[in-house]
Amino acid sequence: MKYLPLLLLALIWEAVVQLGLVSRDLLPSLSDVAKAGWTLLREGDFWANGAASLYRGGAGLALAIVIGALAGIAMAWWRAVDALVGPLVEALYPMPKSALIPVTVLWLGFGDGSKILLIFLGCMLPVTLGAYNGARSCEQALVWSARSLGASRLRVLWDVVLPAALPEIANGARTALALSFVLLVSSELIVARAGLGYLIGFLGEGGVYDAMFAVVLVVAFLGFFADRLYQRLMDRLLAWRA
Amino acid sequence: MARLTLRFAPWIAVLALALAWELFARSGAVTPFMLPKLSTVLARIWGDAASGELWQNLGLTLYRSLAGFAVAAVIGIGLGFAVAYNRVMRWLFDPLISVGFPMPKIAFLPIITLWLGFYDVSKISMVVFDAIFPVVTATIAATLAVERELLWSARNLGASERELLREVVFPAALPQIMTGLQVALPIALIVCIVAEMKLGGVGLGGAMITASRFADSPGVFAGIVEIAIAGYLLVRVMARVRARLLAWHPETEAPATV
């Protein structure tokens, strides 16, 4: 019910095209877009490119979350790491990561490697900062208690500090998830031979606009649903903290 | 002394990074193609600055991103007030905003290009589309958070709705709106650069992608350095503007952290 305006928008779209208010060359009707999307799904173009995108996005994001979280916790736990890496993180954080697209292409070419590297580099810092802040906010008394009960320093890190940092890591990872979509689509639009972003550009250059609109909508809504799904999942997984 | 170190820590980090870059590139561990020396890159930037090419690219990129940012700011703040105050507008736009916010809006670039062509209008529209979301959401949140007592008092003293908006709501909401604008500005710059990379032509993004196609790695790294500096300066200017506009606000008396 809340999303009624979206339905309204879809109806207006269909109506203005059917009534001939806008040229079909500029805006294919929603029904044509749906048909073209269905054809793409059946013919497998969508799945092959989707798999390429999923692999790149998944690998880059997984690396970013694991290494980013480890780096953040290490910064919070060892002063020397903080002194060494902290200012670097601060200096690199505001740097716009999409600017690295041409560099990753120089390094690793047009294929999967350059996208994975880009997504890893672009998504790591929000997770690192989350882990750092989360681990630092861990109550010192908890750490002391665990230590006095005989837990080793590494044990404390795993059993006390990491769980305490999880909510903040999850927050950072949410930012990273959204960023990964943006970086994936931009890099595939600009230089790629496969992937959903590539498919959008390819269909557009070929003048197959109904299919292009279909893929754009699918990618946009995937971004939206991934965010919602992630939030649901985290609410469930982090329910213990409330 | 500790505070002094803290203040300069980012600069020391940047210097250390620059030094590490130069030494690593000189060490021969990587080819100059993979990572040209920083000194080569700086010489390249200097050359581009002397020939005027840098200023042309930089000027166009800044023009597009700032034009888009300005439009996004004006429409975003207006729309934010409208959504916060008007039931119909809220019913209409609330779901659109909450669905649109997490979407990768750059995916719409080919559609915008189809409608508006390859030139400035297209790039600026893409910037507006991407940068408007943080402004709208910040404005809505800020407006809804204005204390009711303030509104009641002003109404009681006979303020019209218009005066209320201008004299009470806007100033009270300004800190949070400014935060939204501060988020939107770097987005405007980077979206502009990505659009330039896709659509080509003059501009920092176009220059970088051309350099990349011709395997001109000093050109690519020059672009990175230029974009980093431009982004940093924009963020600093925005922080200054915030301090100016909010000089009356208690927050500006707190020590600045950046």
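On a predicted model such as this, the values are computed, not experimentally measured, just so you know.

Peer 1: Can you tell me about the overall build of chain B, naming the residues and giving the values?
Peer 2: Of regular secondary structure, chain B possesses 10 helices and zero strands. What you see in chain B, going N to C, is helices and strands ordered as α-α-α-α-α-α-α-α-α-α. Overall, the C-alpha framework of chain B stretches about 75 × 55 × 30 Å when taken along its three principal axes. By residue count, 36% of the 258 residues in chain B fall in the buried class. A sequence separation of at least 24 residues applies to 71% of the contacts in chain B between residues at least 6 apart.

Peer 1: Run through the overall build of chain A, naming residues and quoting values.
Peer 2: In terms of regular secondary structure, chain A is built from 10 helices and zero strands. Over its C-alpha atoms chain A spans a radius of gyration of 22 Å, topping by over 25% the 18 Å that the globule rule assigns to 242 residues. Structurally, chain A occupies a C-alpha span of about 75 × 50 × 30 Å along its principal axes. Within chain A, buried positions represent 45% of all 242 residues. Long-range pairs, those at least 24 residues apart, make up 74% of the contacts in chain A with a sequence separation of at least 6.

Peer 1: Break down helix α8 (residues 161-199) of chain B for me, with residues and values.
Peer 2: Residues and elements named next belong to chain B. For α8, which comprises 39 residues, the first-to-last C-alpha distance of 45 Å sits more than 12% below the rise-based estimate of 57 Å (1.5 Å per residue). In the structure, α8 departs most strongly from a straight axis at Leu-174, where the bend amounts to approximately 55° and where the proline Pro-175 lies between one and four residues downstream. The first or second residue beyond α8 is Gly-200, which carries a positive phi of 75°.

Peer 1: I'd like a rundown of the nonpolar core, residues and numbers included.
Peer 2: The nonpolar side chains of a soluble globular protein tend to be buried with one another. Within the largest apolar cluster, 128 residues are counted, with the highest numbers of intra-cluster contacts made by Val-127 and Val-215 of chain A together with Ala-131, Val-135, Ala-188 and Val-191 of chain B. If you tally residues by element for this core, the top one is helix α8 (residues 153-190) of chain A, at 19 residues. What Ala-131 of chain B contacts, discounting residues up to four positions off in sequence, is Gly-68, Phe-69, Ala-72, Ala-184, Ile-187, Ala-188 and Val-191 of chain B.

Peer 1: Break down helix α5 (residues 101-108) of chain A for me, with residues and values.
Peer 2: Within the sequence span of α5 of chain A, burial applies to Ile-101, Pro-102, Val-103, Thr-104 and Val-105 of chain A. Packed against the buried residues of α5 of chain A are α6 (112-136) and α8 of chain A together with α8, α9 (204-213) and α10 (217-245) of chain B. Count one or two residues on from α5 of chain A and you reach Gly-109 of chain A, which has phi positive near 85°.

Peer 1: Which residues make up the packing of α5 of chain A against α6 of chain A, and what are the values?
Peer 2: Axis angle and axis distance: for two packed helices, these are the angle between their axes and the distance between the axes, and together they describe the pair. Residues and elements named next belong to chain A. α6 packs onto α5 with a crossing angle of 135° between their chain directions and a minimal axis gap of 8 Å. It follows that α5 is oblique to α6 by the angle criterion. In terms of crossing hand, the pair formed by α5 and α6 is right-handed. Residues Ile-101, Thr-104, Val-105, Trp-107 and Leu-108 of α5 lie in contact with α6, whose contacting residues are Gly-113, Ser-114, Leu-117 and Leu-118.

Peer 1: Please set out the environment of Ile-12 of chain A residue by residue, giving values where relevant.
Peer 2: Residue and element names in this part refer to chain A. Within the fold, Ile-12 resides in helix α1 (residues 4-18). For Ile-12, a count of 11 C-beta atoms within 10 Å puts it in the exposed group. Sequence separation between Ile-12 and Val-89 is 77 residues, and the spatial gap between their C-alpha atoms is 47 Å.

Peer 1: So what about the confidence of the model for chain A? Which residues, and what values?
Peer 2: Model confidence for chain A is summarised by a mean pLDDT of 89, while 99% of its residues fall at 70 or above. The secondary-structure element of chain A with the lowest mean pLDDT is helix α4 (residues 79-92) of chain A, recorded at 82, while helix α3 (residues 45-77) of chain A shows the highest, at 93.

Peer 1: With reference to specific residues and values, describe the interface of chain A and chain B.
Peer 2: Contacts between chain A and chain B engage 40 residues on the former and 43 residues on the latter. Elements that contribute at least two residues to the side of chain A that touches chain B include exactly α1, α4, α5, α8, α9 (196-205) and α10 (209-237) of chain A. For the side of chain A that touches chain B, the element with the most residues is α10 of chain A, which contributes nine residues.

Peer 1: An account of the environment of Ala-25 of chain B is needed here, citing residue identities and associated values.
Peer 2: All names here are of chain B. Inspection of the secondary structure assignment puts Ala-25 in helix α1 (residues 2-27). Classification of Ala-25 as buried rests on a count of 21 C-beta atoms within 10 Å. Once the C-alpha coordinates of Ala-25 and Ile-75 are considered, the two residues, 50 residues apart in sequence, prove to be 47 Å apart. Apart from the residues within four sequence positions on either side, Ala-25 is in contact with Val-30, Pro-32, Leu-35, Pro-36, Lys-37 and Leu-38.

Peer 1: So what's going on with the packing of helix α3 (residues 53-85) of chain B against helix α4 (residues 87-100) of chain B? Which residues, and what values?
Peer 2: All names here are of chain B. Viewed as axis vectors pointing N to C, α3 and α4 meet at an angle of 120°, and their least axial separation amounts to 6 Å. When the axis of α3 is compared with that of α4, the two are oblique. Both α3 and α4 take part in a crossing whose hand is left-handed. When α3 is examined against α4, the residues Leu-79, Ala-82 and Val-83 are found in contact with a partner set consisting of Met-89, Arg-90, Phe-93 and Asp-94.

Peer 1: Which residues make up unusual backbone geometry, and what values do they have?
Peer 2: Phi angles above zero are rare outside glycine, and Ala-215 of chain B is one such case at about 55°. Among the structural elements, Ala-215 of chain B can be located in the loop between α9 and α10.

Peer 1: Kindly report on the confidence of the model for chain B, identifying the contributing residues and their values.
Peer 2: Close inspection of predicted coordinates is inappropriate in any region flagged by low pLDDT. Mean pLDDT over chain B stands at 87; residues scoring 70 or higher make up 93%. Overall fold confidence for the complex sits at a pTM of 0.88, while the interface term, ipTM, reaches 0.87.

Thresholds, definitions, all that
Residues numbered from 1 in each chain as written. Chains lettered and ligands numbered in written order. Predicted model: local features only at pLDDT ≥ 70, side-chain atom pairs only at ≥ 80, totals over all residues. Helix = DSSP H or I, 4+ residues; strand = E, 2+ residues; numbered from the N terminus. Buried ≥ 20, exposed ≤ 12 C-beta atoms within 10 Å, placed from the backbone. Contact = placed C-beta atoms within 7 Å. Rg over C-alpha atoms; globule rule 2.2 N^0.38 Å. Expected span 1.5 Å × (residues − 1). Bend = angle between axes of the 7 residues up to and from the residue. Core = buried A, V, L, I, M, F, W, Y, C linked by C-beta atoms within 7 Å. Axes fitted to C-alpha atoms, helices over the stretch in contact; angles between N-to-C directions. Parallel < 35°, antiparallel > 145°, perpendicular 65-115°, else oblique. Left-handed = near helix turned anticlockwise from the far one by under 90°. pLDDT = per-residue confidence, 0-100.

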